[in-house]
Amino acid sequence: MAEAVPVRCPACLRENGYTAPVFPCACGSPVHPPLDLAAPPVPLTHRTWSDTWVTVRCTTCGRESEWPHPELGCGSCGTVVLIPVHPLEGTGSPAGPAGSPQAAAGPDPGGTGRGTAGGPAGGAAGGPAGARPAHIPPPPAAPVPRPAFRPVTIRTARDAVATAALYLRWLGFRDVRQPDGRPIPAATVDLRAPGLVAQVDPTTAPAGLRAVECVWLNGLTASATSVYFALAGYTEDARARADDLGIPLFVMDLTGMPQPVNDPADALVGPDA
């Protein structure tokens, strides 16, 4: 297991301990994102899929896979920060030469400091035939597709909780964890994240009406989205109540692949799944 490293919150300057997550490569070897502790953490103010995932290379087989980007929620002020990682060797950053304004403007053989789009050869049209005028912005980039979810086989109740946490991170929720403090004895397990309250039922009995209403009340109290995961499905009255309250319900099989079972769950997953 990786050792905890100190990460200073840029908002309140408190140091928080962070342990890099370890993921299973397809070859069976553990992989973890190479943290760049020399770079300052970046506050997460807007969530995008391109920032959600990071490419990590397995040191055993060389396979490159996408995994959740390391992030941390400050224990003092609640600020969520992205922890920088080292880029893969042989890949340039997005702000590299290919994406810089100088490269987009074209070469400047005369050394005048101007690109071809604004140079004399461009004329009044702002460039040669087929070039984009400077005042017209480029078309928006296509959205980054979400990679497929990698299920983890469920053998124990802890596997079910871990699978639900991985799935919530795949959906885009950050810093998913079990609440601090001594847990209340119960068959279900709570998971929390900024803007999220989830409950996981790893038992062999279908989740009932009371369970759905409890997770809804917890989400209402926290002003957060409520989500429920169950291994054995739901009773009919629980599903009807979840539809009325807008609670996403998921059922998990032993292969570790959660499946949405109502419309709110389909809406939460979105069209990319």
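Residues numbered from 1 in each chain as written. Predicted model: local features only at pLDDT ≥ 70, side-chain atom pairs only at ≥ 80, totals over all residues. Heavy atoms only, no water.

Thoughts on the sheet that holds strand β10 (residues 189-193)
Note the following rule: The rule for pairing is simple: two strands pair if DSSP sees at least two bridges between them. Helix and strand definitions follow DSSP, with helices as H or I runs of at least four residues and strands as E runs of at least two, each counted in order from the N terminus. Helix axes use the C-alpha atoms of the stretch in contact, all axes being lines fitted to C-alpha atoms, and the angles between their N-to-C directions lie in the range 0 to 180 degrees.
In spatial order, the strands read β10-β11-β12-β13-β14; together these 5 strands make up an open sheet with mixed pairing. Looking along the sheet, the strands with just one partner apiece sit at the ends: β10 and β14 (258-260). The mean angle between the axes of side-by-side strands here comes to 25°, regardless of whether they run parallel or antiparallel.

Thoughts on the sheet that holds strand β9 (residues 80-82)
Spatially, the 3 strands line up as an open sheet ordered β5-β9-β8, and their pairing is antiparallel. Each of the sheet's edge strands pairs with one partner strand only, and the pair in question is β5 (42-43) and β8 (71-73). Sheet topology places β8 next to β9; 3 bridges connect them, and they run antiparallel. Residue Glu71 lies in a different strand from β9, and its bridge partner there is Leu82.

Here we look at the pattern of salt bridges
Short version of the rule: For this document, the term salt bridge refers to a Lys or Arg side-chain nitrogen within 4 Å of an Asp or Glu carboxyl oxygen. We call a residue buried when its accessible area falls under 20% of the maximum for its residue type, exposed when it is over 50%, and partly exposed in between, using a 1.4 Å probe and counting protein chains only.
Inspection of every chain in the model, using the stated rule, returns 5 salt bridges. Here Arg57 makes a salt bridge to Glu64, at a shortest N to O gap of 2.6 Å. Its relative accessible area of 30% is what places Arg57 among the partly exposed residues. With relative accessibility at 45%, the residue Glu64 sits in the partly exposed group. Where Asp175 meets Arg177, a salt bridge forms, and the shortest distance between an N and an O atom there is 2.6 Å. Accessibility expressed as a relative area gives 16% for Asp175, which makes it buried.

Things to note about the packing of aromatic side chains
Note the cut-off: Two rings from Phe, Tyr or Trp (for Trp, the six-membered ring) form a pair when their centres sit within 6.5 Å of each other. Planes less than 30 degrees apart are called stacked, planes more than 60 degrees apart edge-to-face, and all others tilted. Placement of a positive charge over a ring is assigned whenever Lys NZ or Arg CZ falls within 6 Å of the ring centre and within 35 degrees of the normal to the ring plane.
Taken as a whole and judged by the stated rule, the model has 7 aromatic pairs. On the basis of an interplanar angle of 85° and a centroid distance of 5.1 Å, the ring pair of Phe149 and Tyr167 is categorised as edge-to-face. You can see Phe149 sitting in the loop between α2 (101-105) and α3 (157-171) and its partner Tyr167 sitting in helix α3, a full 18 residues away along the chain. Of the two residues examined, Phe149 and Tyr167, each falls in the buried class. Each ring, one from Tyr167 and one from Phe250, has its centre 5.4 Å from the other, and the planes form 65°; the classification is edge-to-face. Separated by 83 residues along the polypeptide, Tyr167 in helix α3 and Phe250 in strand β13 (residues 249-252) bring together distant segments of the chain. Like Tyr167, the residue Phe250 is buried in the burial classification. Through a chain of ring-to-ring contacts, the aromatic side chains of Phe149, Tyr167, Trp170, Phe229 and Phe250 assemble into a single cluster. The ring of Trp67 is capped by Arg150, whose NZ or CZ atom sits 4.9 Å from the centre of that ring.

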